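Descriptive structure summary
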Amino acid sequence: DDHRIRELRVALLSNLALGSLRQKHYRPAVGFCDEVLLEEPGNVKALYRKTEALGELCAWQEAEEAAAKLQQSGEEGSKLAQQKREEWKRKQRQADGQQKKMWSTALEKENAKPKESKADENVTSVTVNGAKNGAKEVAVEAWKPPKIEVMSTFDLRKKTIRWEEEEDFCDKVWKNSIGRKEAAFFQKRALPLSLLAASALADLDVLKTSELIVHCFLDGNIAPFSDPHDWSIFLKRCPQVRNIVVVYIDIGAIGADKDGQPPAS
């Protein structure tokens, strides 16, 4: 009876992994495959599906480790592992080609813009009112916008973060639902998920700590909140962080002075 129960469990978990793959829920698919491999370490289907899911997540090191185990499982596994490696190479070449085309187009547009002199580009004259000498001009270095890099959701996938694919990266939730869902739905999730995404892109060590303190500086226009942020979202997706303390600091609404200039302090 125990043998039959184990076979049934393996079959169900294998089917769940397949269903997750077809729905593009790759992280859950890896979890179901791991459950199968705990029962049957040499299960070819589980090894293949885990390899495929990790490849879709762009977790290349883990994917190659899974492919190596798949190759060692036998002749069939060796062929499947080779197929996945060739497929990855094709996808990477295709992605490289698209990146080159995108950047060449961007460079052409940038080169087509009229050039400005260095003096005009880097320096701006600002009139300052002096108490004794009257008005005078001071050269101030012009502000430059930061460079924008093209990124995708693949850049957010880290070993330390367990994203919920069907919610966190779904256009039906974050794009098509705007104006249909209540604003509180987005307000509760936006800041915790933004902090998590920024930490992933910056590859910060805070995601590897057990306790985290977050300081949020707010102005009088957006604080206090009618609905608080749901920081349990952060903890669920980053399980190694056991405790999080969020400190809200309201600096108050700051406006221009009577002359229309920004405040001095």
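Look up a bit, the structure's there.
Residues numbered from 1 in each chain as written. Predicted model: local features only at pLDDT ≥ 70, side-chain atom pairs only at ≥ 80, totals over all residues. Heavy atoms only, no water.

Thoughts on the packing of aromatic side chains
Put simply, the rule is: A pair of Phe, Tyr and Trp rings is counted when the ring centres sit within 6.5 Å of each other, with Trp represented by its six-membered ring. The angle between the planes then sorts it: under 30 degrees is stacked, over 60 is edge-to-face, the rest tilted. Accessibility here uses a 1.4 Å probe with only protein chains present; expressed as a share of the type maximum, an area under 20% marks a residue as buried, one over 50% as exposed, and anything in between as partly exposed.
The tally for this structure, following the rule as stated, stands at one aromatic pair. Look at tryptophan 231 and phenylalanine 234: their rings are 6.5 Å apart centre to centre, the planes differ by 55 degrees, and that puts the pair in the tilted class. When its relative accessible area of 11% is taken as the criterion, tryptophan 231 is described as buried.

Observations concerning unusual backbone geometry
As a reminder of what qualifies: Only DSSP runs of H or I reaching four residues or more are called helices, and only runs of E reaching two or more are called strands; each is numbered from the N terminus.
Of note in the backbone geometry, lysine 24 takes a positive phi value of approximately 65 degrees without being a glycine. Residue placement: lysine 24 occurs in the loop between α1 (2–22) and α2 (26–39). Residue classification places lysine 24 among the exposed positions, given a relative accessible area of 56%.

Let's talk about the nonpolar core
What tends to happen in soluble globular proteins is that the nonpolar side chains get buried as a cluster. Rules: Here the nonpolar core consists of buried residues drawn from Ala, Val, Leu, Ile, Met, Phe, Trp, Tyr and Cys, with membership extended through side-chain atoms lying within 4.5 Å. Contact criterion: two residues are considered in contact whenever any of their non-hydrogen atoms come within 4.5 Å of each other.
Counting 23 residues, the largest nonpolar core has Ala53 and Leu54 as its most contacted members. Among the elements of the structure, α1, α2, α3 (44–56), α4 (60–72) and α5 (75–112) are those that each provide at least two residues to this core. When residues of this core are assigned to their parent elements, the largest contribution, six residues, is made by α2. Sequence-distant contacts of alanine 53, that is, excluding residues within four places in its chain, are made with Leu21, Tyr26, Ala29 and Val30. If you look at the next biggest cluster of nonpolar residues, it comprises 17 residues, including Leu156, Ala200, Phe234 and Ile244.

Let's talk about α2
We count it as follows: Under the convention used throughout, the expected extent of a helix is 1.5 Å for every residue step, that is, one less than its residue count. As used here, the arc belongs to the directions running from the helix axis to the C-beta atoms.
Taking 1.5 Å of rise per residue, the 14 residues of α2 would be expected to cover 20 Å, and the 21 Å separating its terminal C-alpha atoms lies within 8% of that figure. Listed as buried for α2 are Tyr26, Ala29, Val30, Cys33, Val36 and Leu37. Angularly, the buried residues of α2 cover 120 degrees about the axis, an arc narrow enough to put them on a single face. Of the surrounding secondary structure, the elements contacted by the buried residues of α2 are α1 and α3.

Re helix α9 (residues 183–202)
The end-to-end C-alpha distance of α9, which contains 20 residues, comes to 28 Å, matching closely the 28 Å that a straight helix rising 1.5 Å per residue would cover. At its buried positions, α9 is contacted by α7 (165–168), α8 (171–174) and α10 (232–237).

Re the packing of α1 against α2
To keep things clear, this is the line we draw: All axes are obtained by fitting lines to C-alpha atoms, using only the stretch in contact for helices, and the reported angles, taken between N-to-C directions, cover 0 to 180 degrees. If an angle is under 35 degrees, it is roughly parallel; if it is over 145, roughly antiparallel; if it lies from 65 to 115, roughly perpendicular; otherwise it is oblique. In this scheme the crossing of two helices becomes right-handed for a clockwise turn of the near helix relative to the far one and left-handed for an anticlockwise turn of less than a right angle. Nonpolar residues are Ala, Val, Leu, Ile, Met, Phe, Trp, Tyr, Cys and Pro. Charged residues are Asp, Glu, Lys and Arg, and all others, Gly as well, are polar.
Following both chains from N to C, one finds α1 and α2 inclined at 160 degrees, their axes separated by 8 Å at the closest point. Between α1 and α2, the interaxial angle falls into the category roughly antiparallel. The chirality of how α1 crosses α2 is left-handed. Here α1 contributes Arg6, Arg9, Val10, Leu13, Ser14, Leu16, Ala17, Ser20 and Leu21 to the contact with α2, which in turn contributes Tyr26, Pro28, Ala29, Phe32, Cys33, Glu35, Val36 and Glu39. When its residues are assigned to classes, the contact of α1 with α2 shows 11 nonpolar, two polar and four charged.

Interpretation in functional terms is not warranted from these geometric data alone.
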